[in-house]
Amino acid sequence: MSSTLSPVKEIPLLREACLIGGKWISGDESNSIQVNNPATGEIIGRVPRFGRLETANAIDAASVAFQLWSKMTAVERCNLMLSWANLIDENQKDLATLLTIEMGKPLAEAMGEVGITANYIRFFAEEGKRVYGDVIPSPWKGKRIFVTKEPVGVVGAITPWNFPSSMLGRKLAAALGSGCTVIAKPASQTPYSALILGELAEKAGIPAGVINIITGSAAQIADEMCENEKVKKITFTGSTPVGKQLASKALANMKKVSMELGGNAPFIVFDSADIDKAVEGAIASKFRNSGQTCVCANRIYAQADIYDEFSAKLKVAIEAQLRVGNGLAPGINQGPLIDERAVAKVEELITDAIEKGGTVVTGGKKDAQGGSFFEPTLLLNATPDMKVAKEETFGPFAPVFKFDSEADAVQMANDTEYGLACYFYTQDLGQTFRVMDALEYGLVGVNEGVITTEYAPFGGFKDSGMGNEGSKYGVDDYIKLKYSCIGGLDQ
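Everything quoted here is computed from the prediction, not taken from an experiment.

### Considerations on the layout of surface pockets
If a probe the size of a water molecule is rolled over the atoms, the empty space left behind becomes visible.
Here comes step 1: Reported here for the largest pocket is a volume of approximately 1,100 Å³.
Here comes step 2: As for the largest pocket, its lining consists of 39 residues, and the residues nearest its centre are Trp 161, Phe 236, Gly 238, Ser 239 and Val 242.
Here comes step 3: For the lining of the largest pocket, the elements supplying multiple residues, two or more each, are helix H7 (218–227), strand S10 (231–237), helix H8 (240–252) and helix H11 (340–355).
Here comes step 4: Looking at the lining of the largest pocket element by element, the count peaks at six residues for H8.
Here comes step 5: In terms of residue class, the lining of the largest pocket is made up of 18 nonpolar, 12 polar and nine charged.

### Observations concerning the packing of aromatic side chains
Here comes step 1: Scanning the entire structure with this criterion turns up eight aromatic pairs.
Here comes step 2: Taken together, a centroid distance of 4.9 Å and an interplanar angle of 35° make the contact between Tyr 301 and Phe 401 tilted. A residue pair is termed long-range when its members are at least 10 positions apart, and Tyr 301 in strand S13 (residues 297–303) and Phe 401 in strand S16 (residues 397–403) qualify at 100 residues. Residue Tyr 301 shares its accessibility class with Phe 401, and that shared class is buried.
Here comes step 3: An aromatic cluster of three or more residues is present, and its members are Phe 123, Phe 124 and Tyr 455.

### Observations concerning helix H5 (residues 166–178)
Here comes step 1: Over its 13 residues, H5 extends 18 Å from the first C-alpha to the last, a length consistent with the 18 Å expected when each residue adds 1.5 Å.
Here comes step 2: Of all 13 residues in H5, 13 are buried, a share of seventy percent or more.
Here comes step 3: Just past H5, the residue Gly 179 takes up positive phi, approximately 100°.

### Some remarks on unusual backbone geometry
Here comes step 1: Phi angles above zero are rare outside glycine, and Met 254 is one such case at about 55°.
Here comes step 2: Positionally, Met 254 belongs in the loop between H8 and strand S11 (256–260).
Here comes step 3: For Met 254, a relative accessible area of 73% translates into the label exposed.
Here comes step 4: Located in the positive-phi region is Asn 381, a residue other than glycine, with phi close to 65°.
Here comes step 5: When its relative accessible area of 41% is taken as the criterion, Asn 381 is described as partly exposed.

### Notes on the nonpolar core
Here comes step 1: Trp 84, Ile 88, Leu 176, Ile 206, Ile 211 and Ile 268 are the most contacted members of the largest nonpolar core, which has 95 residues in total.
Here comes step 2: The dominant element in this core, judged by the number of residues it contributes, is helix H4 (residues 107–127), at 10 residues.
Here comes step 3: Sequence-distant contacts of Ile 206, that is, excluding residues within four places in its chain, are made with Trp 69, Leu 80, Trp 84, Leu 176, Ala 201 and Ile 211.
Here comes step 4: Ala 265, Ile 300, Ala 302 and Leu 314 belong to the second-largest nonpolar core, a separate cluster that totals 32 residues.

### A word on a nonpolar patch on the surface
Here comes step 1: A cluster of nonpolar side chains, Val 135, Phe 146, Ile 486 and Leu 489, forms an exposed patch at the surface whose accessible area comes to about 340 Å².
Here comes step 2: In this structure, Leu 489 sits in the segment after strand S22 (479–486).
Here comes step 3: Looking at Leu 489, the relative accessible area reads 46%, which means it is partly exposed.

### Quick word on the packing of H7 against H8
Here comes step 1: Direction vectors running N to C along H7 and H8 enclose 30°, while the axes themselves pass 8 Å from each other. Residues Ala 222, Asp 223 and Cys 226 of H7 lie in contact with H8, whose contacting residues are Leu 246, Lys 249 and Ala 250.
Here comes step 2: A breakdown of the residues in the contact of H7 with H8 according to their chemical character gives four nonpolar, no polar and two charged.

### Looking at helix H10 (residues 307–321)
Here comes step 1: Between its terminal C-alpha atoms H10 stretches 21 Å, which fits the 21 Å expected from 15 residues at 1.5 Å a residue.
Here comes step 2: Taken residue by residue, H10 has Tyr 307, Phe 310, Ser 311, Leu 314, Ala 317 and Ile 318 as its buried positions. Looking straight down H10, one finds its buried side chains confined to an arc of 125°; they lie on one side. Looking at H10, the residues exposed on the side facing more than 90 degrees away from the buried face are Asp 308 and Val 316.
Here comes step 3: Considering only its buried residues, H10 is in contact with strand S12 (265–269), helix H9 (275–286), S13, strand S14 (359–362), strand S15 (377–382) and S16.

### Overview of the environment of Ala 421
Here comes step 1: Within the fold, Ala 421 resides in strand S18 (residues 421–425).
Here comes step 2: For Ala 421, a relative accessible area of 2% gives the class buried.
Here comes step 3: Ignoring sequence-local partners within four residues, the contact set of Ala 421 consists of Ala 265, Pro 266, Val 295, Tyr 441 and Leu 443.

### So, the pattern of salt bridges
Any two side chains of opposite charge can pair, on the condition that their charged atoms come close.
Here comes step 1: The final tally for this structure, using the stated rule, is 26 salt bridges.
Here comes step 2: The salt bridge involving Glu 260 is made with Arg 170; its shortest N-O contact spans 3.9 Å. In this pair, Glu 260 sits in strand S11 while Arg 170 sits in helix H5, placing the two residues 90 residues apart along the sequence.
Here comes step 3: The salt bridge partner of Lys 356 is Asp 352, with a shortest N-O separation of 2.9 Å.
Here comes step 4: Looking at Asp 352, the relative accessible area reads 7%, which means it is buried.

### Brief notes about the sheet that holds S22
Here comes step 1: Sheet architecture is open: three strands sit in the order S5-S6-S22, paired in antiparallel fashion. A single partner strand is all that each edge strand has here, and the edge strands are strand S5 (134–136) and S22. For this sheet the average axis-to-axis angle between neighbouring strands, irrespective of direction, equals 25°.

### Description of the packing of helix H2 (residues 74–90) against H5
In helix packing, the relevant descriptors are the interaxial angle and the interaxial distance, both defined with respect to the helix axes.
Here comes step 1: Contact pair H2 / H5: the axes reach a minimum separation of 9 Å and the direction vectors enclose 155°. In this view, H2 runs roughly antiparallel relative to H5, as classed from their interaxial angle. At the point where H2 passes H5, the crossing takes the right-handed sense. Between H2 and H5, the residues in contact are Arg 77, Met 81 and Trp 84 and Leu 172, Ala 173, Leu 176, Gly 177 and Ser 178, respectively.
Here comes step 2: Tallied by class, residues from the contact of H2 with H5 come to five nonpolar, two polar and one charged.

### Considering the pairing of strand S4 (residues 43–48)
Here comes step 1: Alignment of strand S3 (residues 32–36) against S4, held across five bridges, turns out to be antiparallel. Pairing of Val 35 across the sheet is with Gly 45, part of S4.
Here comes step 2: In this antiparallel pair of consecutive strands, S3 and S4, the connection spans six residues, and Gly 41 shows a positive phi of 85°.

Criteria and thresholds
- Residues numbered from 1 in each chain as written.
- Predicted model: local features only at pLDDT ≥ 70, side-chain atom pairs only at ≥ 80, totals over all residues.
- Heavy atoms only, no water.
- 1 Å grid on protein atoms, 1.4 Å probe; cavity = no way out; pocket = protein on both sides within 12 Å on 5 of 7 lines; lining within 4 Å.
- Points joined across faces, edges and corners; volume = space filled by probe spheres on them.
- Helix = DSSP H or I, 4+ residues; strand = E, 2+ residues; numbered from the N terminus.
- Nonpolar A, V, L, I, M, F, W, Y, C, P; charged D, E, K, R; others polar.
- Phe/Tyr/Trp six-rings, centres within 6.5 Å; stacked < 30°, edge-to-face > 60°.
- Buried < 20%, exposed > 50% of the residue type's maximum accessible area, 1.4 Å probe, protein only.
- Expected span 1.5 Å × (residues − 1).
- Core = buried A, V, L, I, M, F, W, Y, C linked by side-chain atoms within 4.5 Å.
- Contact = heavy atoms within 4.5 Å.
- Patch = residues over 30% accessible without salt bridge, like charges linked within 9 Å, V, L, I, M, F, W, Y side chains within 5 Å.
- Areas by Shrake-Rupley, 256 points an atom, 1.4 Å probe, with all protein chains shown as cover.
- Salt bridge = Lys/Arg side-chain N within 4 Å of Asp/Glu carboxyl O.
- Axes fitted to C-alpha atoms, helices over the stretch in contact; angles between N-to-C directions.
- Arc of directions from axis to C-beta.
- Pairing = 2+ DSSP bridges.
- Parallel < 35°, antiparallel > 145°, perpendicular 65-115°, else oblique.
- Left-handed = near helix turned anticlockwise from the far one by under 90°.

Given below as structure tokens:
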């Protein structure tokens, strides 16, 4: 396939080595990880395939750096982090181009992701100055009770391929702003977006060892993080099965954990909704990043009276607005899926839905461009017995279910082990609050299809995880409380 839209070697900040203790360490090329461009199939480059030994070295470096970083004032840390964010902004186009090349998402989306990466760093740089403690009224005369907050220590962070810049940036920012140091393991499909953040952190003056970025064997790196006593917290974004395994290993060693796991987001359109706004929201939520997000609409529910109108308008919008191709090409808003396994998963869900009575009205197959490009797909007459009703899609496949009553919609939406994000459209104020309260999800979008921001908490219920990222609440998972009682004050 053509590589004319893949100028990766023109990016001067590109690194093909791991950052450990302030040094860039190259690996053995014969035992490296090959990184491919999902849009063209070409080899972008190779990164080290490191394991437990190199991870232990990175942990040692982070542990040493913690003694310096945690003792700096919050203002000093803030200023360094703001310089880092400024460098990200200054190099936004290069970072976004690199992100598109290794992950596939359209350049406009990549620009937005890099932008929010810098926003997360700025937010937590400032929030680190507001990690307040308490003075509690003492029940005893002559004694004072103080509660102080301290950074938890060295953090092991494992991030996914679908948002390789912002997911890592969100974790790094909260950790560093709180006074922690980090060993980060990016996904093997998208390591460069992480490595380039490390390069810019160095240029910003963040001390050696505060940020360590290591590529390689996921199992070996994760095991070392979970078992090494110097690591005090594990933060992971990824699938629920892997998250449960990591949490079990980490908790066996009494480490703090935060897990942002899978989702199965319902998108409900009530008969009181503004249909055109609901269609607009469905396009934004379902087809962002070609459906490869943990918070994108996975199951679309339309009330019986407006089912046909909504479905017809959604079909028109999909066919008119969505263009599939290389994310670096003009006018493209649907990039490739990450790999052939992702394509196979979408095909499996579509085949199952058709066999159980679903009707594909647009799309439904691989795009004519080949590779891992897939047509945006709309399927009607979806039913609860279909796999897509229970499984996370991670692709541009929108099944539309029909429901009769508000109670039915809530029951169907909550009928899943997941509880990350959900969305609903209504112009009925009472219904807004009833449904908002009834839905068992950590993120609720009401008449909005895209709601993520650094100012709001991001975390799920049930099997979608534990803990929160983003907002002032995102600091909590990186600190520990210390209670001090001072006596003898009445003598």
